[in-house]
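# Structural characterization, general
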Amino acid sequence: MSFKVLSKQEKKVLRKICSGNKYYMKPIVKRINQWVASQKNIKEAWLLVLNQLHDIIRASQIDVEILLDQKVQQGKIENKNQAIKSIAGNAFSNALIYIFLVNKCCKNIPEWMFITSQLSSVPNFRQSININIQNEVQKPDMDIVIYANNNIKQKHTPESYIILSLKTSLRERAAQTYKWKLLMKVALHSPELCEKYNISYRSSVVPIICFATTNFYNEINNPQQRGMLKFFDRSFIAKEIIDFTEDAFIYPLSNLIPFAIEKLSNPYVQLSLF
């Protein structure tokens with residue numbers, strides 16, 4: 001496995017995830033690496049480990065709490081309970097980015113594809129996600145963007161993005177992103193409503209809107225939640241799915257990588273709700 005395929009920024013992100021700066025990631029990264037090492041096909045295992053993130057993050061909880069107690073004793077953290085709440089979501093995001101970058105090193109992901117939680121670093125991104133309602137700007141709830149660098153692809157294709165909203169629970173902000181997706185559909189396909197509410201969307205690029213969850217609280221089979229997830233271009237769960245079929249309402253998280261390669265390789269082919 002060679003890290004030469006990674007950009008300078010990607011190497012910096014990888015070091016940050018594995019270093020003491022994100023102390024809570026140490027036990028998680030360790031378990032990710034151990035699971036992959038236990039498999040016969042290492043290259044394939046780096047894809048399939050995405051389906052283990054629910055169990056890996058759960059199993060790392062005790063180790064993370066020990067590290068938190070040390071931070072509290074050192075005076076670096078005041079409120080342990082508040083820290084635990086923020087760590088769960090951050091751990092999911094960082095674990096996904098870590099696995100994505102290692103997959104790039106394994107050549108499971110092409111060099112022209114990038115992932116980031118630093119949305120300001122994505123070229124020409126702001127105009128692709130801003131929907132204007134009179135003088136107000138509506139933006140999606142999102143945690144990660146996967147995008148294609150067309151200079152590396154050396155193809156004359158429009159810029160394209162996959163917006164990924166990550167949630168450990170469906171109880172809280174999960175509905176925000178799909179509501180924004182519906183608003184985009186209104187902006188693109190309903191001139192009457194656009195005129196009535198003064199809605200405008202001026203980008204030539206329509207982002208692909210996806211959702212991923214660890215489903216820590218087993219909410220996925222709630223009919224209301226299942227219905228909500230069908231509004232996304234694709235939804236993923238960080239668990240193994242028994243008897244998975246291609247017409248399922250949610251996909252194993254390992255499907256994210258081939259899905260992203262397909263959609264960003266062919267940005268003219270966009271998914272549609274209708």
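Definitions and limits used
Residues numbered from 1 in each chain as written. Predicted model: local features only at pLDDT ≥ 70, side-chain atom pairs only at ≥ 80, totals over all residues. Heavy atoms only, no water. Helix = DSSP H or I, 4+ residues; strand = E, 2+ residues; numbered from the N terminus. Rg over C-alpha atoms; globule rule 2.2 N^0.38 Å. Buried < 20%, exposed > 50% of the residue type's maximum accessible area, 1.4 Å probe, protein only. Contact = heavy atoms within 4.5 Å. pLDDT = per-residue confidence, 0-100. Salt bridge = Lys/Arg side-chain N within 4 Å of Asp/Glu carboxyl O. Polar contact = N/O pair within 3.5 Å; in protein donor to acceptor, adjacent residues only side chain to side chain.

### Section: the overall build of the protein chain
Per the secondary structure count, the protein chain includes 12 helices and 9 strands. For the protein chain, the C-alpha radius of gyration of 19 Å lies close to 19 Å, the compact-globule estimate for 274 residues. Principal axes of the C-alpha set define a box for the protein chain whose edges measure 60 × 45 × 40 Å. Considering the protein chain as a whole, with its 274 residues, one finds that 50% of them fall into the buried category. For the protein chain, restricting intrachain contacts to residue pairs at least 6 apart in sequence, the fraction spanning at least 24 positions comes to 68%.

### What about the confidence of the model for the protein chain?
Averaged over every residue, the pLDDT of the protein chain is 85; residues scoring 70 or more account for 90%. Considering each helix and strand of the protein chain separately, the mean pLDDT is smallest for helix 8 (residues 150-153), with a value of 59, and largest for helix 3 (residues 42-48), with 97. Of the regions scoring below 50 in pLDDT, residues 268-274 engages in 17 contacts with residues more than four places distant in sequence or in other chains.

### Here we look at the pattern of salt bridges
Any two side chains of opposite charge can pair, so long as their charged atoms come close to each other. Within the structure shown, the criterion is met by 8 salt bridges. Between K167 and D141 there is a salt bridge whose closest N-O contact spans 2.7 Å. Residue K167 is found in strand 5 (residues 161-167), and its partner D141 is found in the loop between strand 3 (136-138) and strand 4 (144-148); the two are separated by 26 residues along the sequence. The class for K167 is buried, based on a relative accessible area of 5%. Here K181 makes a salt bridge to D233, at a shortest N to O gap of 2.8 Å. Placement of the pair is K181 in helix 9 (residues 174-189) and D233 in the loop between helix 11 (223-229) and strand 8 (234-237), with a sequence separation of 52 residues. What makes K181 buried here is its relative accessible area of 2%. A residue is classified by how much of its surface remains accessible, and D233, at 14% relative accessible area, is buried. Ionic contacts of the salt-bridge type, sharing partners, join the residues E65, D69 and K80 into one network.

### Details of the side chain of N103
Looking at where N103 falls in the secondary structure, it is placed in helix 6 (residues 80-105). With relative accessibility at 0%, the residue N103 sits in the buried group. A distance of 2.8 Å separates the side chain of N103 from the side chain of N108, its partner in a polar contact.

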